[in-house]
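What follows is the residue order along each chain.
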Amino acid sequence: LLAVFPPRATLVGPVRVYLETFGCQMTELDSALVRGHLAAMGYRFVEDHAQAQVVLYTTCSVRELAEQKAYSRIGEVGVRKREGEEIILGVLGCMAERDGLDLLRRHPQVALLCGPAELDRLPQLIDNVRRARAAATAEPRGEGSIPAVRNASSRAVALAGNRSRRSATLSAAEDGLESLDLSRAFDPDARENPWSAYVRITRGCNKFCTYCVVPYTRGAEVHRPPEHIVEECRRLVDSGAVEITLLGQTVNHYRYTHGPAVTLDGRAAPQVGPGLQAFRDGSRPAARTTTFADLLHLIHERVPGLRRLRFVTSYPRDFGDDVRAVMRDSPRICRYLHAPAQSGSDPVLARMNRGYTVAEYEAFVERTFAALPDASLAGDIIVGFPGETDADFDATCSLVRRLPFKNNFIFKYSPRPGTVAIDRFADDVPDEVKRWRNNALLAIQSETSARVHAGWVGRTVDVLFDAVRERPAQGAVRAAPGTPVTLRVRGEDPALQAAPSAWQAVGRTRGDLIVAVDLP
Ligand code: SAH
Ligand code: SF4
Ligand code: F3S
């Protein structure tokens with residue numbers, strides 16, 4: 001395990017790379033940035049992993065199932081390596097950070113590990129592995145040969161480890177990732193989806209929900225300077241993006257205090273946030289602070305070409321009325337909130353360390369719909385958290401019936417190594433009970449979704465169509481993407497039912513409701 005060679009920019013031949021992503025939107029953005037960075041250095045991306053010399057998986061650790069998918073891919077590459085193929089296999093992202101050196105020990109085919117906070121170093125890591133391998137396979141040059149180099153391990157590792165939390169301030173100062181975000185490619189052809197893009201505003205998470213690995217894999221919460229974010233949005237729009245989604249694990253906790261965090265040459269630097277304390281006294285922050293509401297307003301005003309500004313994931317507490325006011329007054333900000341409740345039972349929420357009660361969650365939803373009647377609400381729910389009784393689960397069912405969730409992602413609790421919950425609480429809800437609760441809640445959610453959808457019939461909505469598909473959906477085709485149109489939703493049309501069209505246009509409203517219209 002080594003990083004023996006000094007960093008230097010290396011021109012590479014047309015090395016073929018295959019990159020696959022298993023994870024959340026943050027991870028999709030990571031992969032997009034890595035792709036741009038490597039492409040700029042001369043690496044060529046291929047669609048077929050069998051053609052690749054370098055295979056990279058950007059991975060997720062949030063549930064065991066997410067990890068299993070990546071492990072089965074790692075296993076496939078292992079078979080190819082045993083058959084004698086020369087492949088550099090790299091595991092990037094949260095699983096690399098969580099499983100760390102154990103992963104290397106158990107999977108000798110893995111040549112490279114790179115955690116989410118170290119992705120700016122990836123080209124150097126690949127380079128190190130390639131050169132160490134070349135050195136290891138080189139013919140000994142007689143007397144003068146250096147055995148240490150011939151025996152050098154051809155594996156390379158970059159993980160944040162404890163550094164990400166040892167000193168939050170230091171980790172922000174060492175934040176090489178900012179340069180990765182700043183150096184992103186604005187070539188629309190290089191983006192998988194040229195009309196829609198993610199922009200990170202906050203890295204990491206300081207919440208420590210007891211079930212969750214993210215604070216350990218992504219490190220301390222660090223906010224990006226607002227100028228960098230606005231500039232990135234502007235350049236994305238100049239290059240054809242009509243929709244931008246701002247990313248943060250608790251996106252409404254964004255808060256940047258101007259002044260102290262600067263680089264040596266005086267530029268603004270990423271900054272550790274003031275933490276939850278800043279939200280407790282309810283007072284306006286000092287004048288030189290950019291809050292989340294300020295940031296939304298800034299992007300809305302400074303990037304007029306942006307048709308849709310969205311953000312995920314909202315943390316249900318600390319969602320200020322200032323944010324609702326900016327949303328209400330800014331027509332191009334989507335009235336869409338992804339704000340996971342996680343559970344409808346107070347004792348479960350307390351054991352999860354979510355920091356709010358069911359009543360507080362409901363108050364958050366009520367205030368939101370009072371200010372933004374056309375808002376739409378989505379969330380996540382975990383079933384089978386340790387100690388979840390039938391009564392706790394019934395309370396969650398009741399919440400999903402009561403509140404206007406357009407959808408909820410429902411997950412079975414998965415104990416994660418390194419988290420507080422796995423040490424403190426026995427995973428005592430049997431898997432078949434988790435499965436039953438999952439299905440029961442899905443059924444309730446589909447009734448709630450149907451009710452929310454029915455409420456939109458007869459209303460006029462803006463739809464951003466991004467696909468045309470054959471009906472039934474065989475081989476979806478993209479056509480005329482990124483065209484916003486105004487559409488009247490009429491509900492069931494008997495004429496269309498009698499003679500269904502072969503084609504549908506599919507898009508999303510500003511509230512992220514999916515709309516499919518039959519095309520003539
Ligand atoms: N930062 C976001 C969520 C990030 S993880 C938030 O706080 O809302 C995405 C979702 O995965 C979480 O909302 C949670 O519902 C789910 N999740 C996280 N850890 C989990 C675990 N150990 N088992 C099951 N689901 C989990
Ligand atoms: Fe995980 Fe909680 Fe942070 Fe979301 S807020 S990433 S669930 S610790
Ligand atoms: Fe997974 Fe890491 Fe995202 S654990 S959910 S890829 S932040």
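The structure we're discussing is the one just above.
Values in this document were obtained by computation on a predicted structure and should not be read as measured data.

Student: Could you give an account of the nonpolar core, naming the residues involved and the relevant values?
Tutor: Ile244, Leu246, Leu296, Ile299, Phe311 and Tyr361 are the most contacted members of the largest nonpolar core, which has 57 residues in total. Discounting chain neighbours no more than four positions away, the residues touching Tyr361 are Pro316, Ala339, Pro340, Ala341, Tyr356, Leu377, Leu403 and Phe405. The next biggest cluster of nonpolar side chains, apart from the first, holds 30 residues, and it includes Leu19, Val34, Val129 and Tyr336.

Student: Break down the site of ligand 3 for me, citing the residues and quoting the values.
Tutor: The environment of ligand 3 is made up of Cys24, Thr27, Thr59, Cys60, Ser61, Val62, Cys94, Val213, Val214, Arg218 and Gln249. Its residues assigned to classes, the shell around ligand 3 comprises 6 nonpolar, 4 polar and 1 charged.

Student: Tell me about the packing of aromatic side chains, and name the residues and values.
Tutor: All chains considered together, the criterion is met by 12 aromatic pairs. Arranged with centres 5.6 Å apart and planes meeting at 70°, the rings of Phe319 and Phe364 form a pair that is edge-to-face. In this pair, Phe319 is assigned in the loop between strand 14 (308-312) and helix 13 (321-329) and Phe364 in helix 15 (residues 358-371), connecting sequence segments 45 residues apart. On the numbers, 6.3 Å between centres and 25° between planes, the contact of Tyr361 with Phe405 is stacked. Taken together, the positions of Tyr361 in helix 15 and Phe405 in strand 17 (residues 405-412) put the pair 44 residues apart, joining distant regions of the chain. According to the relative accessible area criterion, Phe405 is buried, its value standing at 0%. One cation-aromatic arrangement involves Arg459 over Trp456; the distance from NZ or CZ to the ring centre is 3.9 Å.

Student: Describe in detail the sheet that holds strand 7 (residues 196-200), supporting the description with residues and values.
Tutor: Note: strands within a sheet are paired through backbone hydrogen bonds, in either parallel or antiparallel orientation. Taking strand neighbours across the sheet as the criterion, the 3 strands line up as 7-10-14 in an open arrangement whose pairing is parallel. At either margin of the open sheet sits one strand with a lone partner, and together these are strand 7 and strand 14. Sheet twist, expressed as the average angle between the axes of neighbouring strands with direction ignored, equals 25°. Bridge count for strand 7 against strand 10 (residues 243-247) is 5 bridges, and the pairing is parallel. Bridge pairing in strand 10 links Tyr198 to Thr245. Docked against the sheet, helix 12 (residues 292-302) engages strand 10 and strand 14, running at close to 155° with respect to strand 14.

Student: Can you explain the packing of helix 13 against helix 15? Please cite residues and give values.
Tutor: The geometry of a pair of packed helices is captured by two quantities: the angle between their axes and the separation between those axes. Where helix 13 meets helix 15, the closest approach of the two axes is 10 Å, and the angle between their N-to-C directions is 30°. Between helix 13 and helix 15, the crossing angle belongs to the class labelled roughly parallel. In this structure, helix 13 meets helix 15 at a crossing whose hand is right-handed. Contact with helix 13, carried on its side by Asp321, Arg324 and Arg328, involves Phe364, Arg367, Thr368 and Ala371 of helix 15 and no other residues of that element.

Student: Report on the packing of helix 12 against helix 13, specifying residues and quantitative values.
Tutor: Packing of helix 12 against helix 13 leaves a shortest axis separation of 8 Å and a crossing angle of 15°. In terms of axis orientation, helix 12 runs roughly parallel to helix 13. Considering the relative orientation of helix 12 and helix 13, their crossing is left-handed. Facing Phe292, Ala293, Leu296 and His297 of helix 12, the residues of helix 13 in contact are Asp322, Val323 and Val326.

Student: Break down the side chain of Lys434 for me, citing the residues and quoting the values.
Tutor: Among the structural elements, Lys434 can be located in helix 18 (residues 431-454). A polar contact of 3.0 Å, which involves the side chain of Lys434, links it to the side chain of Asp427. Dropping the residues within four chain positions of it, Lys434 is found in contact with Val383, Gly384, Lys412, Tyr413, Asp427 and Val429.

Student: Requested: an account of the site of ligand 1, with residues and values cited.
Tutor: Around ligand 1, the structure places 15 residues, and the nearest of them are Arg63, Gln249, Gln342, Asp380 and Ser414. Here an oxygen atom of ligand 1 and a side-chain polar atom of Arg354 are 3.2 Å apart. Alone, ligand 1 offers 540 Å² of accessible surface; in the complex the protein occludes 90% of this.

Student: Give me the sheet that holds strand 17: which residues, what numbers.
Tutor: Read from one edge to the other, the open sheet built from 3 strands follows the order 15-16-17, with strand pairing classed as parallel. Each edge of the open sheet carries a strand with a single partner, namely strand 15 (336-338) and strand 17. Neighbour-to-neighbour, the strand axes of this sheet turn through a mean angle of 15°, independent of strand direction. Of the strand pairs in this sheet, strand 15 and strand 16 (residues 376-383) are connected by 3 bridges, and their pairing is parallel. Residue pairing in the sheet places His338 in a bridge with Ala378 of strand 16. Packing of helix 15 onto the sheet brings it into contact with strand 15, strand 16 and strand 17, and relative to strand 16 it is tilted by some 165°.

Student: Please set out helix 1 (residues 25-40) residue by residue, giving values where relevant.
Tutor: An ideal rise of 1.5 Å per residue puts 22 Å on 16 residues; helix 1 measures up with 23 Å between its terminal C-alpha atoms. For helix 1, the complete set of buried residues consists of Met26, Thr27, Leu29, Asp30, Ser31, Leu33, Val34 and Leu38. Once helix 1 finishes, Gly42 follows within two positions and takes phi at roughly 105°, a positive value.

Student: Could you give an account of the pattern of salt bridges, naming the residues involved and the relevant values?
Tutor: A complete count under the given rule lists 38 salt bridges for this structure. In this structure, Glu243 and Arg508 form a salt bridge, with 3.1 Å as the shortest nitrogen-oxygen distance. Here Glu243 is found in strand 10, whereas its partner Arg508 is found in strand 20 (residues 503-509), with 265 residues between them in sequence. Among the ionic pairs, Asp431 bridges to Lys412, the shortest N-O distance being 3.4 Å. Of this pair, Asp431 sits in helix 18 while Lys412 sits in strand 17, and the two are 19 residues apart along the sequence. A residue is classified by how much of its surface remains accessible, and Asp431, at 38% relative accessible area, is partly exposed. Within this structure, Asp30, Glu178, Asp181, Arg184, Arg200, Arg203, Arg218, Arg224 and Glu232 form a network of salt bridges that share partners.

Criteria and thresholds
- Residues numbered from 1 in each chain as written.
- Chains lettered and ligands numbered in written order.
- Predicted model: local features only at pLDDT ≥ 70, side-chain atom pairs only at ≥ 80, totals over all residues.
- Heavy atoms only, no water.
- Core = buried A, V, L, I, M, F, W, Y, C linked by side-chain atoms within 4.5 Å.
- Buried < 20%, exposed > 50% of the residue type's maximum accessible area, 1.4 Å probe, protein only.
- Contact = heavy atoms within 4.5 Å.
- Near = heavy atom within 4 Å.
- Nonpolar A, V, L, I, M, F, W, Y, C, P; charged D, E, K, R; others polar.
- Phe/Tyr/Trp six-rings, centres within 6.5 Å; stacked < 30°, edge-to-face > 60°.
- Helix = DSSP H or I, 4+ residues; strand = E, 2+ residues; numbered from the N terminus.
- Lys NZ or Arg CZ within 6 Å of the ring centre and 35° of its normal.
- Pairing = 2+ DSSP bridges.
- Axes fitted to C-alpha atoms, helices over the stretch in contact; angles between N-to-C directions.
- Parallel < 35°, antiparallel > 145°, perpendicular 65-115°, else oblique.
- Left-handed = near helix turned anticlockwise from the far one by under 90°.
- Polar contact = N/O pair within 3.5 Å; in protein donor to acceptor, adjacent residues only side chain to side chain.
- Areas by Shrake-Rupley, 256 points an atom, 1.4 Å probe, with all protein chains shown as cover.
- Expected span 1.5 Å × (residues − 1).
- Salt bridge = Lys/Arg side-chain N within 4 Å of Asp/Glu carboxyl O.

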